[in-house]
Amino acid sequence: MHTKPIVVIGSINMDLVARTPRIPLAGQTLTGTDFSTTPGGKGANQAVAAARLGPHVQMIGAVGNDVFGEALHSNLANAAVDTRAVAHVPGPSGVAQIQVADNGQNSIVVVPGANGAVTPELIRQHTKLIQSAGIVLLQLEIPLDTVLTACELCATAQVPVILDPAPAASLPDAIWPQLAWFTPNETELGLYTGSGFPPETAAKQLLARGVHGVALKRGAEGVYVAASGEEPTWVPAFHVEAIDTVGAGDCFNGAFAVSLLEGSSSAAAARFASAAAAISVTRNGAQAAMPTREEVDAFLASHG
Ligand code: RIB
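Here the structure is a predicted model, which means the values were calculated and not measured.

Caption draft 1: Molecular detail of the packing of aromatic side chains. With the rule as written, the count across this model stands at 7 aromatic pairs. Here the aromatic rings of Trp 176 and Tyr 192 are separated by 6.0 Å at their centres, their planes lie at 80 degrees, and the arrangement is edge-to-face. Of this pair, Trp 176 sits in the loop between β10 (161–163) and β11 (181–182) while Tyr 192 sits in helix α6 (residues 186–193), and the two are 16 residues apart along the sequence. In terms of burial, Trp 176 and Tyr 192 fall into one category: buried. Both rings, one in Trp 181 and one in Phe 256, keep their centres 5.3 Å apart while their planes meet at 85 degrees; by these two values the pair is edge-to-face. Here the residue Trp 181 occupies a position in strand β11, and Phe 256 occupies one in helix α8 (residues 248–261), the gap between them amounting to 75 residues. Judged on exposure class, the residue Trp 181 and its partner Phe 256 are both buried. A connected cluster of aromatic rings, assembled from ring pairs, spans Trp 176, Phe 182 and Tyr 192.

Caption draft 2: Main features of the sheet that holds strand β3 (residues 34–40). Pairing within the open sheet is mixed, and its 4 strands lie in the order β3-β2-β7-β8. Of all strands in the sheet, those bounded by a partner on one side alone are β3 and β8 (106–111). Here the average twist between neighbouring strands, direction ignored, is 20 degrees. Pairing of strand β2 (residues 13–20) with strand β7 (residues 94–101) involves 8 bridges; the strand directions are parallel. From the neighbouring strand, Asn 13 faces β7, where its bridge partner is Gly 94. Sheet strands touched by helix α2 (residues 67–78): β2, β3 and β7. Its angle to β2, the strand with the most contacts, is close to 95 degrees.

Caption draft 3: Representation of the site of the ligand. Near the ligand lie 14 residues; those nearest to it are Asp 15, Gly 41, Lys 42, Glu 141 and Asp 250. At 2.6 Å from an oxygen atom of the ligand is found a side-chain nitrogen or oxygen belonging to Asp 15. Isolated, the ligand exposes 280 Å² of accessible area, and the fraction of that covered by the protein chains is 96%. Taking a 2 Å distance to the grid points as the criterion, the majority of the atoms of the ligand fall inside the largest pocket. Every element with two or more residues in the shell around the ligand is listed here: β2, α1 (42–52) and β8. Split by residue class, the shell around the ligand holds 5 nonpolar, 5 polar and 4 charged.

Caption draft 4: Summary view of the packing of α8 against helix α9 (residues 266–280). In the contact formed by α8 and α9, the axes pass within 8 Å of each other and the chain directions differ by 145 degrees. Viewed along their axes, α8 and α9 form a crossing whose handedness is right-handed. Residues Ala 248, Cys 251, Phe 252, Ala 255, Phe 256, Ser 259 and Leu 260 of α8 form the contact with α9, whose participating residues are Ser 266, Ala 268, Ala 269, Ala 270, Phe 272, Ala 273, Ser 274, Ala 276, Ala 277 and Ser 280. The class makeup of the residues in the contact of α8 with α9 is 13 nonpolar, 4 polar and no charged.

Caption draft 5: Expanded view of the pairing of strand β12 (residues 213–217). Extensive coverage of β12 is indicated by the burial of 5 of its 5 residues. What you see with β12 is no split at all: Gly 213, Ala 215 and Lys 217 on one side and Val 214 and Leu 216 on the other are buried throughout. Where β12 and strand β13 (residues 223–227) come together, 5 bridges link them in antiparallel fashion. Across the sheet, Leu 216 pairs through a bridge with Tyr 224, a residue of β13. Where β12 folds back on β13, the antiparallel hairpin that results is connected by 5 residues, among which Gly 219 adopts a positive phi of roughly 55 degrees.

Caption draft 6: View of the nonpolar core. Ile 6, Val 81 and Phe 256 are the most contacted members of the largest nonpolar core, which has 51 residues in total. With 9 residues, the single largest contributor to this core is α9. Filtering out sequence-adjacent residues up to four positions away, Ile 6 remains in contact with Ala 50, Pro 55, His 56, Val 57, Gln 58, Ile 135, Leu 137, Ala 257, Val 258 and Leu 261.

Scoring rules and cut-offs
- Residues numbered from 1 in each chain as written.
- Predicted model: local features only at pLDDT ≥ 70, side-chain atom pairs only at ≥ 80, totals over all residues.
- Heavy atoms only, no water.
- Phe/Tyr/Trp six-rings, centres within 6.5 Å; stacked < 30°, edge-to-face > 60°.
- Helix = DSSP H or I, 4+ residues; strand = E, 2+ residues; numbered from the N terminus.
- Buried < 20%, exposed > 50% of the residue type's maximum accessible area, 1.4 Å probe, protein only.
- Pairing = 2+ DSSP bridges.
- Axes fitted to C-alpha atoms, helices over the stretch in contact; angles between N-to-C directions.
- Contact = heavy atoms within 4.5 Å.
- Near = heavy atom within 4 Å.
- Polar contact = N/O pair within 3.5 Å; in protein donor to acceptor, adjacent residues only side chain to side chain.
- Areas by Shrake-Rupley, 256 points an atom, 1.4 Å probe, with all protein chains shown as cover.
- 1 Å grid on protein atoms, 1.4 Å probe; cavity = no way out; pocket = protein on both sides within 12 Å on 5 of 7 lines; lining within 4 Å.
- Sits in = over half its atoms within 2 Å of the grid points.
- Nonpolar A, V, L, I, M, F, W, Y, C, P; charged D, E, K, R; others polar.
- Left-handed = near helix turned anticlockwise from the far one by under 90°.
- Core = buried A, V, L, I, M, F, W, Y, C linked by side-chain atoms within 4.5 Å.

Written out as structure tokens, the structure is:
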């Protein structure tokens, strides 16, 4: 039984989601079919995904003092995420304007708001918490300096880091050896290795930079998992009827962390995480769609 927490350092957003027949072109006005205001943010989504699956999860982030701040905070707390390290700062909370098209495609504009207050200084205030973590989850919706500071702290304390490079941004060379796992989707991978390479080649490039392992998320193709000292493997995707893919990558990362922390092999962790993500895309919303442990276990049992 593991006792160390998963610590998520990242964004907390309110998602303003419009359902539309298709993603509008520039200059085009479309009539949507539905609108919802629902908690999101890549960091908070990963925290909720992990917490629903059992372990103790601590979130380090920030919300604003606007109407969304309190709702975002209590939503995390209601999902059993420990919010003692979530700061309340003056100004607006992070928001994401999202369009979800009938074919499942989405487009997202994020306005960081309070997420900009997740500074290196805030991270240093939580050094002890970070040092106590079993795994730290990071994404790129908070300032890059903060991500780099967190990675350095984790490297010194030998705490494994899973970095989800979303939204993709250039990273310094020094970061690679500090990462236990790097988990880009296909578009993000293109920025780091050049587009058009097969995942096998891209994985080799990334491992050669010093990252311990990569889980390359390839949608319907599955996940390509490669790590130093392990046989690389493809973990096939589960085929389900997707109605909303927002937050599916976050669900994968949260579940991947839980399974790794429980001692699973990387391939088994990727399979567990793929199952969780497959369930999440059959439901609306980001955090609202994250499955429970029982749901993932039942899904895996019924999918051989
Ligand atoms: O990954 C999905 C998330 O991206 C949404 O919840 C939105 O807030 C944006 O951060």
